[in-house]
Amino acid sequence: MDFLKSAVASAIAKGPPFPYTFGDKVDLDPSIWTLYNGTKREDGSDCSIFSFDIAANRSSLPLARNAVKKLRTLRHPGVIKVLDTVETESYIYIATERLVPLRWHVKRKSLSPETAKWGLYTVAKTIKFINDEASSVHGNLKVASVYTSDSGEWKLGGFEVLSNVKDDDAVIYRFGSLVPDSGRYTPPELAKAGWDALKRSPHSAVDSYNFGILVFEVFNGTFSGGDQAGQTKNVPPSMHASYKRLTNPNPKARLSVGHFLEQGQRHGSYFDTALIKLTDGLENLGVKSETEREAFLEDLDQLTDDFPEDFFRMKILPELLKSVEFGGGGPKAFGVVMKIATKLSNEDFDAKIAPVVIRLFGNPDRAIRVCLLDNLPHMIDRLPQRVVNDKIFPQIVSGFTDHAPVVREQTLKSVLVIINKLSDRTINGELLRYMAKTANDEQPGIRTNTTICLGKIAKNLGTSTRAKVLIAAFTRSLRDPFVHARNASLQALAVTAEYFSEEDCTARIMPTVCPLLIDKEKLVRDQAAKTIDVYLQKIRKAAASMPDSVLPPETGASAGPRMSTPQPAESSATASWAGWAISSFTNKLSAAAGEIQTSAASPNGAPSAGPGQPRRSGPSGGVQTTSSASTLHRQALKSPPPSAPLSRTSSSGTFGASGGGGESFFADPDVGEDDGDAWGDMDEGDGADAFWGEEANDAPASMSSSTTLPEKKTATASTKKTTTAASATPFDDGSEPDFAGWLAAQQQKKTGAASSGLPKGLAKPSAAGARKVSATASKPKPVVAQPAKKKVIDTKPKDTGDDDDGWGGW
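What you see is a predicted model; the values in this text were computed from it and never measured. (Residues numbered from 1 in each chain as written. Predicted model: local features only at pLDDT ≥ 70, side-chain atom pairs only at ≥ 80, totals over all residues. Heavy atoms only, no water.)

Caption draft 1: The arrangement of the overall build of the chain in detail. Helix and strand counts for the chain stand at 33 helices and 12 strands. Out of the 810 residues in the chain, the part that is buried amounts to 46%. Taking as baseline every contact in the chain between residues at least 6 positions apart, the subset at least 24 positions apart corresponds to 69%. Total accessible area on the chain is roughly 41300 Å²; 52% of this is exposed by carbon and sulfur atoms. (Helix = DSSP H or I, 4+ residues; strand = E, 2+ residues; numbered from the N terminus. Buried < 20%, exposed > 50% of the residue type's maximum accessible area, 1.4 Å probe, protein only. Contact = heavy atoms within 4.5 Å. Areas by Shrake-Rupley, 256 points an atom, 1.4 Å probe, with all protein chains shown as cover.)

Encoded structure:
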């Protein structure tokens, strides 16, 4: 039984449960309360706790109980918000929103003039409400009675003696003097006649005087006594006249707080500021007309950085987000949102801004989408990569195909902002597909920006496809009719040269850039020259690291100087040019190996012809062919290996030699190697077409082996040389000039000089002969050479003076 009584007594002493946890103690001015930071146990939200110890301050208990009562019954945005209260026989607890004493800011002088005016404006509205609407007097107005909330708003407390003037037994009349530190702030009439003097003067006079002291203390930091009341030190000049009337020693002449507020709201007065207009307009933003909303947002956009950040974060930002998403705030409201968001912590940004931004990217309103793209650089660093790649980018890509050019252009520009947040698969897949469309856009500016964008994101492209994509895009843009598109492509090629191989530079890029060196626009010509210089430096650097030759070193007999090649000792410019021009012809001769054999006649008895004579068939009127200059050029490029023996034998006879081995060059080539041009007259009717046709390719061996060249009679014509023709291997002399054209010119010169004295049998055939040649060449039957003994053709040319211009000396 005793145990039960003790348990009940303990429960009564502890009182009702208090669902808040006490934290750190907060320093205060002299007060009957002790302030603690606290948290709500249910959700962990922050709060403040005012604690009153009844046993230690029993004389002040009426003040504490009056404060609890007034805080719970007086509701106003400028009054401290009460969450819960608990009163027992030993203590009184008041849980409120998280608060910070204004004294902290005043001591540190951290309040800007604009913020100070805004705070005084808030307190003035609250006092006006207490004096006029509530018909009450605060009686304890000072810096220690004002707090700031998480949003930076000034909240009024200190309701220990707040009383209704209609109550004859009000607390303020009996306990007004018990308020801590009341001596410094008491008006002069109360200091002389006591608190009962309130009944003989306007009830707002006390609060007017205390509000004047509050103005002085906010702008100066401290207030020592009544002698400082009315001093204008550091008080804004626009406030001087009204401020002095607040602290008038005569209570009946004092300006009420309500009138002070009214005067300050006049145009150009001390309360006519952007921040105060903002706070007033924010309360009914959702019901404003479009014109009023535009004016409000215009003022909001002009705010400077010295305004209270907490207020923007806690009050303005949520209202603006609702206005943008649901209330038609539009791009201007979102621009202000982004301005505020730059000052938010990462946690607040993720909780308040990111979800709204993701939803807004799906908004079909073009103005909102363009505004989002414009402000993307301000928030991209705070958005996680997964969110950008998986949620935002799929919404952005719709802008690439939008009908409005401004949306397409802004979407393209946003690629540079989000590129580092995209995966490789997204970049090299979906992104490049959409950029390929903008590269062909009807707007030249969008095409130009696509080229610029590709140049800047080149480092982000996949290495396997980067060169292919960039070359295709840039070379196409080089042909764009828009001058700035061509210029942008040249600039992009210059800055991305490192991503191309030397082969791509020489074979694919430089050939397309060179035509722009003579572009009609000087801007393009100058940039093309700069781009060419970049690639030439790259190619020269690569060429400097290459070996002189990849051919195996020559050994033995082939190591000596090539036959008929002019040596450096020749000083004549003509000889030097001729030397390198015909050097490729002597490749065969310099590489020839073996012993030259003599022979009296060909096995068939057919006379051999010199290199300058045409080949003819037998007397039956077969095909007469003369090799073209281009065939000579191709034959000259065939260099035999040194080990192949030379032979002059063929299926139809043996060629003669005029000396030195020049016959090996004019010998019939291997089967299938350009036999069609072998000195044939390619201009003779249909014979050329039949020669390059399918039938000629089917039997090249018969045509090659059945024709012989007549022997040119020289001093050594009595001696026959028999060698084996070397197998031809192609050799590409990249530095060789157009020898075919030169040889044709020489042949034409000879023909013109000796046109009146051609040897017998070399005259151009008649029309009938030409038709016979054409008919014969078109037949698939092989041409069989006739025995030389039946008809011998005298091929000795007339003696002319042009031999030195041809191949004299061979």
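Caption draft 2: Representation of the pattern of salt bridges in the model. For the structure shown, the criterion picks out 19 salt bridges. A salt bridge links Arg 98 to Asp 46, with the shortest nitrogen-to-oxygen separation between them at 3.6 Å. Here Arg 98 is found in the loop between strand S5 (91-96) and strand S6 (99-101), whereas its partner Asp 46 is found in strand S3 (residues 46-53), with 52 residues between them in sequence. By relative accessible area, Arg 98 is classed as buried at 19%. A residue is classified by how much of its surface remains accessible, and Asp 46, at 44% relative accessible area, is partly exposed. Notably, a salt bridge pairs Glu 87 with Arg 65, separated by 2.8 Å at the nearest N-O pair. Of the two residues, Glu 87 is situated in strand S4 (residues 82-87) and Arg 65 in helix H2 (residues 61-73); the sequence distance between them amounts to 22 residues. For Glu 87, a relative accessible area of 41% translates into the label partly exposed. Using a relative accessible area of 43% as the deciding quantity, one classes Arg 65 as partly exposed. Among the charged side chains, a network of salt bridges with common partners joins Asp 29, Arg 103 and Glu 217. (Salt bridge = Lys/Arg side-chain N within 4 Å of Asp/Glu carboxyl O.)

Caption draft 3: Structural detail: helix H10 (residues 257-264). The element H10 is extensively covered by neighbouring structure, given that six of its eight residues are classed as buried. Of the residues making up H10, those classed as buried are Val 257, Gly 258, Phe 260, Leu 261, Gln 263 and Gly 264. Contacts made by the buried residues of H10 are with helix H4 (113-133), helix H8 (205-220) and helix H9 (240-246).

Caption draft 4: The arrangement of the confidence of the model for the chain in detail. Mean pLDDT over the chain stands at 74; residues scoring 70 or higher make up 66%. Contacts for the low-pLDDT stretch residues 795-810, under 50 throughout, to residues beyond four places or in other chains number 24 contacts. (pLDDT = per-residue confidence, 0-100.)

Caption draft 5: The sheet that holds S4, seen in detail. Strand order across the open sheet formed by five strands is S1-S2-S3-S5-S4, with antiparallel pairing between neighbours. Single-partner strands in this sheet number two, and they are strand S1 (20-26) and S4. Pairwise comparison of adjacent strand axes, ignoring direction, gives a mean angle of 25 degrees for this sheet. Where strand S2 (residues 34-40) meets S3, six bridges bridge the pair, whose relative direction is antiparallel. Pairing of Tyr 36 across the sheet is with Ile 49, part of S3. Strand contacts of H2: S3, S4 and S5, with the helix running at about 30 degrees to S5, the strand carrying the most contacts. (Pairing = 2+ DSSP bridges. Axes fitted to C-alpha atoms, helices over the stretch in contact; angles between N-to-C directions.)

Caption draft 6: Main features of the packing of helix H14 (residues 330-341) against helix H16 (residues 366-379). Their axes nearest at 9 Å, the elements H14 and H16 cross at an angle of 15 degrees. By the angle between their axes, H14 is roughly parallel relative to H16. Between H14 and H16 lies a crossing whose hand is right-handed. Each of Gly 330, Pro 331, Phe 334, Gly 335 and Met 338 in H14 lies in contact with H16, whose residues at this interface are Ala 367, Ile 368, Cys 371, Leu 372, Asn 375 and Met 379. A class-by-class count of the residues in the contact of H14 with H16 yields eight nonpolar, three polar and no charged. (Parallel < 35°, antiparallel > 145°, perpendicular 65-115°, else oblique. Left-handed = near helix turned anticlockwise from the far one by under 90°. Nonpolar A, V, L, I, M, F, W, Y, C, P; charged D, E, K, R; others polar.)

Caption draft 7: Main features of the environment of Cys 453. Position of Cys 453 relative to the elements: it lies in helix H20 (residues 444-456). Separated by 39 residues in the primary sequence, Cys 453 and Ala 492 have C-alpha atoms spaced 9.0 Å apart. Apart from residues lying up to four places away in sequence, Cys 453 is in contact with Leu 412, Val 415, Leu 416 and Met 435.

Caption draft 8: Layout of the pairing of S3. Counting buried residues along S3, six of its eight residues qualify, which places the element largely inside the surrounding structure. As consecutive antiparallel partners, S2 and S3 are separated by five residues, and within that stretch Gly 44 has a phi angle of approximately 75 degrees, a positive value. Bridge count between S3 and S5: six bridges; the pairing is antiparallel. If you follow Phe 50 over to S5, its bridge partner there is Ile 94.

Caption draft 9: Layout of the nonpolar core. Counting 152 residues, the largest nonpolar core has Trp 33, Phe 211, Ile 353, Met 379 and Leu 431 as the members making the most contacts within it. The residues contacting Trp 33, other than those within four sequence positions of it, are Leu 28, Phe 50, Ser 51, Phe 52, Ala 64, Ala 67, Val 68, Ile 92, Ile 94 and Glu 160. Counting eight residues, the second largest nonpolar core, distinct from the first, contains Phe 18, Val 86, Tyr 93 and Ala 95. (Core = buried A, V, L, I, M, F, W, Y, C linked by side-chain atoms within 4.5 Å.)

Caption draft 10: Region of interest: the packing of aromatic side chains. All told, the structure shown has 17 aromatic pairs when counted by the stated rule. Considering the side-chain rings of Trp 33 and Phe 50, the 6.3 Å spacing of their centres and the 80 degrees angle between planes classify their relative orientation as edge-to-face. You can see Trp 33 sitting in the loop between S1 and S2 and its partner Phe 50 sitting in strand S3, a full 17 residues away along the chain. Of the two residues examined, Trp 33 and Phe 50, each falls in the buried class. Aromatic side chains Phe 211 and Phe 260 sit 5.5 Å apart centroid to centroid with 65 degrees between the ring planes, which places their arrangement in the edge-to-face category. Of this pair, Phe 211 sits in helix H8 while Phe 260 sits in helix H10; the two residues are 49 residues apart in sequence, bridging distant segments of the chain. Of the two residues examined, Phe 211 and Phe 260, each falls in the buried class. The aromatic ring of Tyr 173 is capped on one face by Lys 199, whose charged end is 4.7 Å from the ring centroid. (Phe/Tyr/Trp six-rings, centres within 6.5 Å; stacked < 30°, edge-to-face > 60°. Lys NZ or Arg CZ within 6 Å of the ring centre and 35° of its normal.)

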